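# Structural overview for review
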Amino acid sequence: MRGTDPVRILLVEDSELDAAWLMESLRRGGMQVEAHHVDNRDGVAAALAQRTFDIVLCDYSMPSLSPLEVTLLVQAHDPDLPLIVVTGTIGEESAVAVMHAGAADLVLKDRIARLRPAIERELAAATTRRQNRVIEQARQQSDMVLRGIAKNIPGIIFRRYMRTDGSLSYTYMQKELLADFIDTGDLGDPATSPLVMASGATLLRAIHPDDRKTYRDAMALSALTLEPMIVEFRLSTASGGTRWLRSQSQPEKLSDGSVQWDGIALDVTELKAAEAVRDHLAYFDPVTDLPNRAHFTRLLIETLSRPLKDRRVALLCLGLEAFADFQDGWGLAATDALVRAVADRLRQLLEPGEVLARFEGAYFCLLLPDAPADLDQRLWQLQAAFSLPFTVDGVQMSRRAHVGVSLYPADASDATEMLQHASTALHEVKPSRGPFRYYAAEMTERAVKRQWIQTELAAALTNDRITLYYQPLVHPVRHHIIGAEALVRWQHEVRGLIPPADFIPAAEQGGQIVELGYEVLRQALKQTALWRAAGLCDFPISVNVSGIQLMRPDFSVRVRALLDQTGQPPTALKLELTESTIIRDDDLVHRNITDLASLGVSFALDDFGMEHSVFSRLSELPIDTVKVDRFFISQMTKAAEHAALVQAIVAMSHAMHKQVVAEGVETQEELIYLRAYQCDALQGYLFSKPVPAAAMELLLRQGRLLG
Ligand code: C2E
Ligand code: CA
Ligand code: CA
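Overview of the structure. Please read these numbers as outputs of a predicted model, since none were measured by experiment.

Turning to the nonpolar core, a few remarks are in order. Core analysis: the largest hydrophobic core is formed by 74 residues, its most contacted members being L573 and L575. Residue contributions to this core peak at nine residues, all from helix 16 (residues 513-533).

Now the structure itself:
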């Protein structure tokens, strides 16, 4: 209680003697007391205001002050402060009045031994009252907090109770929230308590009919296993809408066999809507709102799993011509607009049951679950849809579609194969041979071969299976060697020597060309370093490079490093570029070329005349040599116009201060023509085929070649 602290007593007594006697008798009874003695009304008021007391003892018969007055004063000050009336004599009635006003007890002076236990009892009672008051305040507080939480959580806190007969009731459900879903007229009043009751039937009625079974099943399972019950269900609102609730509750089996769950049901309507958007995005392409690859693949698998009967399923892969270039040049917004326009045109052509999807870029897939007998007609119809130009950003542009087709069951045994084969067919479309291709087995052979080359080549690079042959370039009159071209060879363990035409295209497609290219450069520079040291060569070694290599931002840096490693000056190297490389509007390609040229590396344009013949580019770039393609040389002696063309190329190149090399010189006759045209160098079987380094070294020592 109060430990050893003295009991603080406010003693209201007119007689000094009596006061002293009272205190004395308490002390004698073993009680530690600290008394403050007053004898009038003001004294009482002042004492209460200024000091703290544990109890008030009040004499009953005072001339200026009635015990009733004192009782009221004390009550007003602190209803928990106990007051005991001490009296000599007292009548029944007045005692009742005083007790009524709030006095705790009444002790007769001739029974003074009773006073001490009375005080102790009252002090204990007051302490309990104070504690209860604190508890009650806390309860009210937490009730308010609960109400606040209940009001603010988007859901319902509940206790579900299932009797052994299966009947249900719910308590702890906030009426405010429930009112949205069910008629709460029969529920308690939320003003008196946030906790109300509802019968199970009332709530179950509010659950969406489609979700009632789910709800009941989840409940039955949870009651059986005593695992938490987690269920999502819809409640119909009074206004006719629905809200999604996610209810999670923990079951507890009571001793009588009934089950009670405490839980919370959250309103997840917004979340559900967000999930629906997310799910939509998982299945549909945001640009065109068409099914995406994943969704389409699922639908395709589903289609193939249905019995075929007499049907055949067709898969059309559609790509837009020159789309990659478009994307680079026009930016994202215009690209999306074009893709949407394409999607709209394709949508128009859909027959019931057919599925159109966008995979990526301008790559669409069309599934015909029941392909028409005359599929060609359908394909031409598709083409026709692309005969009108598209308008993007106010600009008209003509774009054709290429289509690859695969059929089930003829071409493929499952969805993956179908997709693969249609795509393979699409990649084999050559505009000169029509805008669509049906899949054919040999296409896969080609694709498989490409794949084989790509894997094997990576191994060849690490196993020193890449080697170089060299072919001399000779002076047209004196026939001495004035150059040499390095030509790559692949020495395969099983297949023997593989010529570059068989693997360079695959290496370019698979990206291995980059490492292969550096290996070729490294070997060529190492070899030329040996020949130079032996005084066998004073011309730059020619090395072929692919456009892919030049698109690497660090190409010039790495070539420079190779020159340093082999101790060769940049003038010891000549790089052969193709026309398709230099017509590319690619800043990286141009930067690599100009960087290396400024160092002193020289450049030749290979296979001139075969592709684009851009003389304008020739003057823009630091290219000092033009190599006329073997085709023109071989035609030169057969057709006058080709002879004229070669002559013109030589003349124009000379006018632009470029050297001209004739490739593939095979006959004496060709030699005579080229000499007459003042070609600067000749390369061809007439002088030498490409040969291994050792053989090339013999030629270099020999110096002059026949021809
Ligand atoms: P290219 O650069 O036009 O090389 C000349 C090709 O013509 C060589 O074929 C050569 O053997 C062949 N040739 C030379 N003289 C004659 C002739 O009188 N008659 C005939 N019929 N052919 C002749 P090769 O070595 O098979 O190379 C083919 C192509 O492969 C090269 O054509 C070049 O484009 C590419 N290539 C070769 N090595 C490399 C390389 O290291 N990197 C890259 N990116 N491409 C390379
Ligand atoms: Ca070449
Ligand atoms: Ca060539």
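With respect to the secondary-structure elements, H77 resides in helix 3 (residues 67-77). On the accessibility criterion, H77 (43% relative accessible area) is partly exposed. Residues H77 and P472, spaced 395 residues apart in sequence, show a C-alpha to C-alpha distance of 121 Å.

Let us now look at the coordination of the calcium ion (ligand 2). Of the protein atoms, only E485 (OE), N544 (OD1), E576 (OE) and D606 (OD) coordinate the calcium ion (ligand 2), at distances of 2.1 to 2.3 Å. In the primary structure, the donors to the calcium ion (ligand 2) are separated according to the pattern E-x58-N-x31-E-x29-D. By relative accessible area, D606 is classed as buried at 6%.

Strands pair in a sheet through their backbones, by hydrogen bonds, and they do so in one of two ways: parallel or antiparallel. Read across the sheet, five strands follow the order 13-14-12-17-18 without closing on themselves; strand pairing throughout is mixed. Of all strands in the sheet, those bounded by a partner on one side alone are strand 13 (355-360) and strand 18 (436-438). In this sheet, neighbouring strand axes are inclined to one another by 20 degrees on average, regardless of whether the strands run parallel or antiparallel.

Below, the discussion takes up the coordination of the calcium ion (ligand 3). Each protein donor to the calcium ion (ligand 3) is listed here as D606 (OD), D607 (OD), E663 (OE) and E663 (OE); together their distances run 2.0 to 2.5 Å. Mapping the donors of the calcium ion (ligand 3) onto the primary sequence gives the spacing D-D-x55-E. Here the calcium ion (ligand 3) and the calcium ion (ligand 2) are spaced 4.0 Å apart, with D606 acting as a shared donor. Highlighted residues: D607 in strand 24 (residues 602-608) and E663 in the loop between strand 26 (659-662) and helix 24 (668-676), separated in sequence by 56 residues.

Most of strand 19 (residues 466-474) sits inside the fold, with eight of its nine residues counted as buried. Relative to strand 20 (residues 481-492), strand 19 runs antiparallel, the two being bridged by nine bridges. Directly across from Y470, in strand 20, lies its bridge partner A486. Between strand 19 and the antiparallel strand that follows it, strand 20, lie six residues; H479 among them carries a positive phi value of about 65 degrees. Judged from the two bridges that link them, strand 19 and strand 28 (residues 691-692) form a sheet pairing that is antiparallel. What sits directly across from Y469, in strand 28, is P692.

Here strand 9 (residues 229-236) runs beside strand 10 (residues 242-253); their pairing, made up of eight bridges, is antiparallel. Directly across from M229, in strand 10, lies its bridge partner S249. Here strand 9 folds back onto strand 10, and the loop between the two strands holds five residues, one of which, G240, carries a positive phi near 100 degrees.

A separate point is the site of ligand 1. The local shell around ligand 1 holds 21 residues, among which Q471, R489, D606, E666 and Y685 are the closest. One of the side-chain nitrogen or oxygen atoms of D606 is found 2.9 Å away from an oxygen atom of ligand 1. The separation between a nitrogen atom of ligand 1 and a polar side-chain atom of E666 is 2.5 Å. A total of 800 Å² of accessible area belongs to ligand 1 in isolation, and the protein chains cover 82% of it. Sorting elements by how many residues they give to the shell around ligand 1 places strand 20 first, with four residues. Within the shell around ligand 1, the residues separate by chemical class into nine nonpolar, five polar and seven charged.

What counts and how
Residues numbered from 1 in each chain as written. Chains lettered and ligands numbered in written order. Predicted model: local features only at pLDDT ≥ 70, side-chain atom pairs only at ≥ 80, totals over all residues. Heavy atoms only, no water. Core = buried A, V, L, I, M, F, W, Y, C linked by side-chain atoms within 4.5 Å. Buried < 20%, exposed > 50% of the residue type's maximum accessible area, 1.4 Å probe, protein only. Helix = DSSP H or I, 4+ residues; strand = E, 2+ residues; numbered from the N terminus. Donors = N, O, S within 2.8 Å, 3.2 Å for Na, K, Ca; no water. Pairing = 2+ DSSP bridges. Axes fitted to C-alpha atoms, helices over the stretch in contact; angles between N-to-C directions. Near = heavy atom within 4 Å. Polar contact = N/O pair within 3.5 Å; in protein donor to acceptor, adjacent residues only side chain to side chain. Areas by Shrake-Rupley, 256 points an atom, 1.4 Å probe, with all protein chains shown as cover. Nonpolar A, V, L, I, M, F, W, Y, C, P; charged D, E, K, R; others polar.

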